[in-house]
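# Survey of secondary and tertiary structure
For reference, the chains in residue letters:
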Amino acid sequence: MGTIKKSFFFMRYVLAISALSFTLLSANLCKSYGNDVPGVTDKSVKIGLMGDLTGPAADVWIPFANGIRAFFKMMNYGGGIHGRKIEYILEDDRYSIPLALSSFKKLVFKDKVFVLQAASGVGHSAAIIPLVEKEKIPLITPTGERKFFVPARKYVFSTIPWYEDQAKLAVEYVFNDMKLQSPVIALLYGDVGSGKDSRNTFRELVKIYPVKKYVEIAFPLAAMDFTSEMLAMRRSKPDIVYIHGHAAHATSILKAARRLGLSSTFIVAQYACVDKAVKISGKNASGLLGINCFGTWDDASTGVNRLRKASLAYNPNVSRRDANFFQGWFTGMLFYEGLQNAGRDLTRETYLKGLEAIKNFDTEGICGIVSFSPDDHKSIEYHRFYKADIEKKRFVPISGWRKPKDY
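Residues numbered from 1 in each chain as written. Predicted model: local features only at pLDDT ≥ 70, side-chain atom pairs only at ≥ 80, totals over all residues. Heavy atoms only, no water.

### Here's the deal with the sheet that holds strand β1 (residues 44-51)
The parallel open sheet is built from 5 strands, whose spatial order is β2-β1-β3-β4-β5. Each edge of the sheet is formed by a strand with only one pairing partner; in this case those strands are β2 (85-92) and β5 (156-158). Taken pair by pair, the neighbouring strands of this sheet meet at an average axis angle of 25°, ignoring direction. Packing against the sheet, helix α12 (residues 348-356) makes contact with β3 (115-117), β4 (139-141) and β5, and its axis sits at approximately 30° to β5. (Pairing = 2+ DSSP bridges. Helix = DSSP H or I, 4+ residues; strand = E, 2+ residues; numbered from the N terminus. Axes fitted to C-alpha atoms, helices over the stretch in contact; angles between N-to-C directions. Contact = heavy atoms within 4.5 Å.)

### Topic: the packing of aromatic side chains
Under the counting rule described, the total for this entry stands at 17 aromatic pairs. Judged by centre distance (6.3 Å) and plane angle (75°), the rings of Phe71 and Tyr336 are edge-to-face. With Phe71 in helix α2 (residues 58-77) and Tyr336 in helix α11 (residues 323-342), the pair connects residues that are 265 residues apart, well separated along the chain. When its relative accessible area of 5% is taken as the criterion, Phe71 is described as buried. With a centroid separation of 5.6 Å and an interplanar angle of 70°, the aromatic rings of Phe114 and Tyr351 are classed as edge-to-face. (Phe/Tyr/Trp six-rings, centres within 6.5 Å; stacked < 30°, edge-to-face > 60°. Buried < 20%, exposed > 50% of the residue type's maximum accessible area, 1.4 Å probe, protein only.)

### With respect to the environment of Val122
Summarising the element assignment, Val122 is placed in helix α4 (residues 122-135). Separated by 94 residues in sequence, Val122 and Glu216 have C-alpha atoms that sit 20 Å apart.

### Points about the pattern of salt bridges
Under the counting rule described, the total for this entry stands at 18 salt bridges. Between Glu349 and Lys154 there is a salt bridge, with the nearest N and O atoms lying 3.2 Å from each other. Within this pair, whereas Glu349 is found in helix α12, its partner Lys154 is found in the loop between β4 and β5, the two being separated by 195 residues in sequence. Relative accessible area serves as the criterion here: at 36%, Glu349 is assigned to the partly exposed category. Residue Arg203 is joined to Glu216 by a salt bridge in which the shortest nitrogen-to-oxygen separation is 2.5 Å. Placement of Arg203 in helix α6 (residues 193-208) and of Glu216 in strand β7 (residues 213-219) is noted, with a sequence separation of 13 residues between them. Among the residues examined, Arg203 registers a relative accessible area of 36% and is labelled partly exposed. Judged by its relative accessible area of 27%, Glu216 falls in the partly exposed class. (Salt bridge = Lys/Arg side-chain N within 4 Å of Asp/Glu carboxyl O.)

### Brief notes about the packing of helix α10 (residues 302-314) against α11
One way to put it is that α10 packs onto α11 with a least axis distance of 12 Å and a crossing angle of 100°. With respect to α11, the axis of α10 lies roughly perpendicular. In this structure, α10 contributes Val304, Arg306, Leu307, Ala310 and Ser311 to the contact, and α11 contributes Phe325, Phe326 and Trp329. Grouping the constituent residues of the contact of α10 with α11 by class yields 6 nonpolar, 1 polar and 1 charged. (Parallel < 35°, antiparallel > 145°, perpendicular 65-115°, else oblique. Nonpolar A, V, L, I, M, F, W, Y, C, P; charged D, E, K, R; others polar.)

### Some thoughts on the pairing of β2
For β1 and β2, the ladder comprises 8 bridges, and the chain directions are parallel. Within β2, the residue paired with Lys46 across the bridge is Glu87. One crossover worth recording links β1 to the parallel β2 by way of α2, and it is right-handed. (Right-handed = clockwise from strand over helix to strand, strands pointing away.)

### Focus on the sheet that holds strand β9 (residues 265-268)
On the basis of which strands lie adjacent, the open sheet formed by 7 strands has the order β7-β6-β8-β9-β10-β11-β12 and mixed pairing. At either end of the open sheet lies a strand with only one pairing partner, and these are β7 and β12 (394-397). Neighbour-to-neighbour, the strand axes of this sheet turn through a mean angle of 25°, independent of strand direction. Two elements, strand β6 (residues 184-190) and β7, share 7 bridges in a ladder whose sense is parallel. The residue bridging Gly190 from the neighbouring strand is Phe219, located in β7. Here helix α7 (residues 227-236) sits on the sheet and contacts β6, β7, β8 (240-244) and β9; the angle it forms with β7, its principal contact strand, is near 180°.

Take a look at the structure:
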């Protein structure tokens, strides 16, 4: 009987020690791995990326992906953030909303990423944002659609200004810099959410400014030939034609316009204001203007010097990078600043607070000054105007950084 009692008490002792050891081990694991936060370990933080790498917007997204990769590589080489290296998983949504939703599910539920950068278009973002809010996952999105950010959504942050900002600046440039009187203004826009945002802004602006005539033509994102659009445009004899589209659209539009004798001044928005558009267009780009919120490869600023150095170190065969690469790099900068501000005790809530703690952040020439707050998740307010230099085959800045007026 005494032997049985001794065995019983010994087993209770063993179980108690085991329970205590398990509790301590669990506590240490929670401490080391961010309180079981998805995508966070003691040595790494996992970020999910999504964009169009093989679809109609690939000319924007491939350099964007290269930019964010280069920034993360530079950060990891320098030791990471609070001792953690950045791991990232890149998904191709092919500019397809169903594929964007599928990529979201994979990144969040299978890969268990900590935060997201997504997706490749306005419609894709609209489909993903409700899921982001349901799962409480911070999202940095490359869309400039104002409705996603006003009023501010807790989990959603922007990487570019509103599309309407560029439309406003273009009209201001026409009247204040070019000093045109009663001009005929035409808008060519991709028939997608971002293009419609510019369209809606132009419709309001032409009521405010003394525009003689306003014409607008929509085109499908996959359009390659713009002969019919330029024939219709020629009948209106526009002084200014604003293009909301990608570089491929701009080059095809300019080719058709010049072939048909259209001598209008063309102004291209963000994603067509890249050197490739000038290089491909050649003489057709004569007089071409552009608006962009990012700096250029040739800038002598500290931030661009750092970007150039990293890009040439990791990809020595690529001699230049465009504004889309800059946008990817800037997105990496936002991730870094948010993580840096969040500190070592990393959770999604501390990360959100880390992003909102970004105040008067000087990107040193990558773009303008950036600030967030709990009520404002818009990152960039300023743009520059550029002009095509045909001989150098690139856009060169012709203005300082500007912010549109409030209307």
